[in-house]
Structures are given as structure tokens and as C-alpha cells.
Amino acid sequence: MDNPGLMNRMEGSDAAAVQRALAGDRDAFRVLVDRHSRSLFRLAFRMTGNEHDAEEVVQETFLRAYRRLSKFESRANFGTWLYRIGINCSLDFRRSRMRHEEHREPDDAEGNPAVQQLASEAPAPDRVVFSGQVGARVEQAMSELSDVERSAFVLRHFEGLSIEEIGKALGLRVSATKNSIFRAVQKLRRALEPMVSTTR
Amino acid sequence: MNHLNEEQLILYHYGEEAYREAAERRAASEHLAACDNCRASYAALQRVLAAVDAAPVPERAEEYGSEVWARLRPRLEGAPGKESLRGWNWWLAPQRWALAGAMAVLLIVAFFVGRVTREEPPTSAAISPQARERILMVAVGEHLERSQMVLVELSNAPSNGKVDISSEQHMASELVGENRLYRQTAMNAGEAGVASVLDELERVLVEVANSPSEVSSKQMESLRKRIESQGILFKVRVIGSEVRERAKPAQQDAAPQPAAEPAKKST
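Only a predicted model underlies this, so the values are computations on that prediction, with no experimental measurement involved.

Digging into the overall build of chain B
Next, step 1: Along chain B, the regular secondary structure elements total 14 helices and two strands.
Next, step 2: Classification of the 267 residues of chain B by burial places 41% in the buried group.
Next, step 3: Counting only contacts in chain B whose residues sit at least 6 apart along the sequence, the fraction spanning at least 24 positions is 73%.
Next, step 4: Carbon and sulfur atoms provide 55% of the accessible area of chain B, an area that totals close to 14,400 Å².

Re the overall build of chain A
Next, step 1: Of regular secondary structure, chain A possesses nine helices and zero strands.
Next, step 2: The order of α-helices and β-strands along chain A, N terminus first, is α-α-α-α-α-α-α-α-α.
Next, step 3: Of all 200 residues assigned to chain A, the portion counted as buried reaches 50%.
Next, step 4: Within chain A, residue pairs in contact and separated by at least 24 positions form 64% of the contacts whose partners lie at least 6 positions apart.

Examining the interface of chain A and chain B
Next, step 1: Each partner contributes residues to the interface: chain A has 66 residues there, and chain B has 60 residues.
Next, step 2: In this assembly, chain A and chain B are joined by nine salt bridges.
Next, step 3: Counting every contact that joins chain A to chain B gives 18 residue pairs in polar contact (both at pLDDT 80 or more).
Next, step 4: A total of 12 residues in the side of chain A that touches chain B trace back to one element, the largest contributor, which is helix α3 (residues 51-67) of chain A.
Next, step 5: Within the side of chain A that touches chain B, the residues separate by chemical class into 27 nonpolar, 14 polar and 25 charged.

What to know about the environment of F158(A)
Next, step 1: Residue position: F158(A) is located in helix α7 (residues 147-158).
Next, step 2: Distance from F158(A) to L43(A), taken between C-alpha atoms, is 8.1 Å for residues 115 residues apart in sequence.

Topic: helix α10 (residues 192-209) of chain B
Next, step 1: Over its 18 residues, α10(B) runs 25 Å from end to end, which matches the ideal 26 Å to within 8%, given 1.5 Å per residue.
Next, step 2: With 17 of 18 residues buried, α10(B) is to be regarded as a mostly interior element.

Describing the packing of α10(B) against helix α12 (residues 232-247) of chain B
Residues and elements named next belong to chain B.
Next, step 1: One can describe the packing of α10 onto α12 by two numbers: an axis separation of 10 Å at closest approach and a directional angle of 140 degrees. As summarised for this structure, α10 and α12 are arranged oblique, according to the angle between their axes. Considering only the axes of α10 and α12, their crossing is left-handed. When α10 is examined against α12, the residues G193, V194, V197, E200, L201 and V204 are found in contact with a partner set consisting of I232, K235, V236, I239 and V243.
Next, step 2: Classifying every residue of the contact of α10 with α12 by side-chain character gives eight nonpolar, one polar and two charged.

Some thoughts on the packing of aromatic side chains
Next, step 1: All chains considered together, the criterion is met by 10 aromatic pairs over all chains.
Next, step 2: With 6.4 Å between their ring centres and 90 degrees between their planes, F29(A) and F62(A) make a pair best called edge-to-face. Here the residue F29(A) occupies a position in helix α2 (residues 26-48), and F62(A) occupies one in helix α3, the gap between them amounting to 33 residues.
Next, step 3: You can call F62(A) buried: its relative accessible area is 0%.
Next, step 4: Three or more aromatic residues link up through ring pairs in this structure, and these residues are F29(A), F62(A), Y66(A) and W69(B).
Next, step 5: Seen from the ring of Y12(B), R25(B) lies directly overhead, with NZ or CZ sitting 4.3 Å from the centre.
Next, step 6: The ring of F41(A) carries the charged tip of R60(B) above its face, separated from the ring centre by 4.1 Å.

Digging into the confidence of the model for chain A
Next, step 1: Confidence in the prediction of chain A, expressed as mean pLDDT, is 77, and 74% of residues score 70 or more.
Next, step 2: The model gives residues 105-131 of chain A a pLDDT under 50, and that stretch makes 37 contacts with residues more than four places away or in other chains.

Here's the deal with the nonpolar core
Next, step 1: F29(A), F62(A) and F153(A) are the most contacted members of the largest nonpolar core, which totals 75 residues.
Next, step 2: Once you skip the residues sitting within four places of it in the chain, F62(A) turns out to touch F29(A), L32(A), V33(A), H36(A), S37(A), L40(A), L82(A), V68(B) and L72(B).
Next, step 3: If you look at the next biggest cluster of nonpolar residues, it comprises 34 residues, including L136(B), L151(B), V204(B) and M220(B).

Here we look at the packing of α10(B) against helix α11 (residues 217-229) of chain B
Residue and element names in this part refer to chain B.
Next, step 1: Relative to each other, α10 and α11 sit at 170 degrees, their axes nearing to 11 Å. Classified by the angle their axes make, α10 and α11 are roughly antiparallel. Contacts between α10 and α11 involve R203, V204, E207 and V208 from the first element and L223, R226 and I227 from the second.
Next, step 2: Of the residues in the contact of α10 with α11, the class split is four nonpolar, no polar and three charged.

Some points on the pattern of salt bridges
Next, step 1: Using the criterion set out here, one finds 26 salt bridges over all chains in the structure.
Next, step 2: Note that E59(B) is salt-bridged to R38(A), the shortest N-O span being 3.2 Å. With E59(B) in the loop between α3 (36-54) and α4 (64-72) and R38(A) in helix α2, this residue pair bridges two chains.
Next, step 3: According to the relative accessible area criterion, R38(A) is partly exposed, its value standing at 24%.
Next, step 4: Note that R183(B) and E202(B) form a salt bridge whose closest N and O atoms lie 2.8 Å from each other. A residue pair is termed long-range when its members are at least 10 positions apart, and R183(B) in helix α9 (residues 166-188) and E202(B) in helix α10 qualify at 19 residues.
Next, step 5: By relative accessible area, which is 9% here, E202(B) ends up buried.
Next, step 6: Where salt bridges share partners, they join E51(A), E55(A), R60(B), R71(B) and E207(B) into one cluster.

A look at helix α2 (residues 22-34) of chain B
All names here are of chain B.
Next, step 1: For α2, spanning 13 residues, the distance from its first C-alpha to its last is 18 Å, which sits close to the expected 18 Å at 1.5 Å a residue.
Next, step 2: Burial in α2 covers these residues: A28, H31 and L32. Looking straight down α2, one finds its buried side chains confined to an arc of 100 degrees; they lie on one side. Exposed residues pointing more than 90 degrees away from the buried face of α2 are listed as A22, R26, E30, A33 and A34.
Next, step 3: Buried residues along α2 sit against α1 (6-13) and α3.

Scoring rules and cut-offs
Residues numbered from 1 in each chain as written. Chains lettered and ligands numbered in written order. Predicted model: local features only at pLDDT ≥ 70, side-chain atom pairs only at ≥ 80, totals over all residues. Heavy atoms only, no water. Helix = DSSP H or I, 4+ residues; strand = E, 2+ residues; numbered from the N terminus. Buried < 20%, exposed > 50% of the residue type's maximum accessible area, 1.4 Å probe, protein only. Contact = heavy atoms within 4.5 Å. Areas by Shrake-Rupley, 256 points an atom, 1.4 Å probe, with all protein chains shown as cover. Salt bridge = Lys/Arg side-chain N within 4 Å of Asp/Glu carboxyl O. Polar contact = N/O pair within 3.5 Å; in protein donor to acceptor, adjacent residues only side chain to side chain. Nonpolar A, V, L, I, M, F, W, Y, C, P; charged D, E, K, R; others polar. Expected span 1.5 Å × (residues − 1). Axes fitted to C-alpha atoms, helices over the stretch in contact; angles between N-to-C directions. Parallel < 35°, antiparallel > 145°, perpendicular 65-115°, else oblique. Left-handed = near helix turned anticlockwise from the far one by under 90°. Phe/Tyr/Trp six-rings, centres within 6.5 Å; stacked < 30°, edge-to-face > 60°. Lys NZ or Arg CZ within 6 Å of the ring centre and 35° of its normal. pLDDT = per-residue confidence, 0-100. Core = buried A, V, L, I, M, F, W, Y, C linked by side-chain atoms within 4.5 Å. Arc of directions from axis to C-beta.

Put into C-alpha cells, the structure is as follows:
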């Protein structure tokens, strides 16, 4: 979470908004959407590495949250609960994207030029231009992390969640959470160190 | 103090439990100040993590929450927290009726194709898998052409003041149902490339269908950017021209053969 202090202050009003939404006030759910959309988008983008998928993840996360709202415990942190759903949606998206890519390969091998052209667009040209060489290498390195490693790293490094909170969000023990973060950082070091040491 | 290994450096960097206590943290800091090896290793770690931070993340505007809500609201059925209430509301939504209509059309086509296949001698006039594939390609080609028209209209819409997109919105709503069917059919037929583009197209069509019928210049711009950033128009054109190419022999395979056969028999 980008600003944990602010998030804590918001938490009280989040719980109240959840209560109102459960009582039938649909606009109360809108308050939650307004409040959490941008941070959820950033999380989803870092998880999926793709702007379009991140947009879909945001939609799907709020949809799932709405349907499961009665399962939210008022003593819990709404942001963390929502992030947990967001992480699961992102992982679902990544998996379905990977399945899609697997299906696409045989077509490419058969020499379908139009499909080949589309497949070679990953990452999309605008993303490459936008992110530049460092961004593209980071994206590549991130894409080589396992689902758990990527999730744990994103939540620790970008969102500032504690190891305990990450463990709770991902359903991992503290030691497993730590190990996931260690492995993620080690892989990123291996992939990026040669580049950052030459660009100093 | 002993040298800090990589894991300890990571925990130190993130201020984790072992280094939350002032004394522990100070001891590690003092060691880093005194030890060239550990300092170099820590500096390397910081450089890598700084590079990770440098990877850009697209920012969303203040009103992003409202945009999310506008797309989300039509999808919120029933009371919150009641997943099981989805049933009837889902089936009664107008888009579902459009989808049901399209499915009915497909069933009729399938029935018709089945009849044609049964009535003809299997060796000469049964529709081959290739011909069926081409029939699908013809239908998908037409669908892509109509979708392309909607996207082009939106891309060229004026960008000042309020813009009425009700006709594009209406067309997009109709296309969404068809798109789902074609995507599913393409998937089942192993046309992963076509299915993938249809998948992307569907998301844009859903967005257009769920937009207000009159949009502000800002909303219009965001819609246009969405179309452009995905390169969807380009992909639709590429796949559209490819499927039309593949559909070309469809008339020879599917239509004229059954009509020509009886004439030969009578002579």
C-alpha cells in the first residue's frame, strides 16, 4: 500500500462502507471502488505486467469482492482483503494468459504470418517504447518469477506489506513467505545485476 | 558482528523483524560501514531494487474510480455478498437474450448444415471439415468487419464537447454476444490466434457497450486511447484480412456442389 498511514485512517470508514453496502446501499460500494481502484490497478499491473490485463483484474476483483462481501470480517483490513482477491484474480489471469500462449504456439510453427506477427508483439510495441530498455528487462525478469515469488515480492517491495500480512494474504507460513521473497530477489539479482552494474 | 549474508541484507533493506530493534539495526549499519565486502554487496542489492523501482507503471487519473464504477455497475446483480442470487437476473438481462438469439441462429444453421450433409451422398457432397472451417471464417470475417466499423467510428469521433455514441454502443452490445460465440467456436476449432484477437476485441466491445450513450471529451479520449493502446484495430484488420483470405474457397466447397450433382445424374 502506497501510504500505510492513510490506509489505516481509511480503514474505519472502509468498514462502515462495507456495512452500508451489505445493508443494501449500493453507493456505499461505489465509495470503496473510488477509494481503492488506483492502488488496485498498480498492484494488478505489477502482477500481470500488462495494462489491459490489469484493467480486467480491477473489474474482476471488485466483482468478486461484491459477491463475497458478506464473508468480509469487519475487524479485518478491507484493503488487505481486497488485495488478496486482487492477487488471486491476477494469478488467474496470468494462468489463462499462459494457457492462451501455449495454444498459440503450434499456429506459429505452421507459419501463419498474421498470427506470428501478433504473437511477436509481446510485450506490445507501445509498452516497449514506454518502458525503455530497463523497464523491458525488469518486466522480463519479473515474468520469470513463480506466481508465489512474484506475489510475495510485489506485496513486500511495492505495497509495503509486512511479511506476516503477506503470509496471511497468500496463505503461507512466515518462513515460506520469507523464502519466497528471498528467491524472488535472488532471481532478480541474477537477471538484472549485469545490466545495472554496466549502466552505473 | 559477522558478515551479513544475502538474506540478512534483504531483511535489513526492508527493515524486517530482525532489524526492527534499534540495537540490531545499528549493529548491522556499523558493520556495513566498516566492511567493504558487505557494503559492496548491499550496494549491488540496492542498485537492482532501484532498477525494479524504475520500471514504469502507468498512472491512472483521479477519476479512475468513477470509470471503474461505470463499467462495474451493470455487472452488479442482486444484493452484495449473495453469489447465489445471480441466476435469474443473469438470464433475464437483455444481453443474454441477444446471446440466446444468436445461439438460436447458430442452432438453425447447424441444423441446416446437418440436413444438407444427410441428404447428399457422403462421398461426394458431405461438407468437409475444411469447408466448415471456411464457413466459420466467412462469418468471423463479417463479424470483424462490423466490429472494425465501430472501432473506426469511435477512433474518428470528435473530441470536443459531449459526444453521442449511442449507435456505436448499440452495435457493440449486439456484437458482444456474437463475439462470444465466435470466440468459443474458434477456440474449439483450434483457431487460437483468431480466438485470442476475439478475446481482446470482446473486452473493448464490452467497454463500449457499457459506456454511457453520451460521453464527455475526456471519456471519449480515454476510450480512444484504450483502442489505440491495445492495437486492437490493427489486430482486427490483420486477422480480418487473413480470415477473409482463408474463406475465399468457401463458396466452391459449400454451395455449388450439391446443386451440380443432380444435373449430372439425370443425363
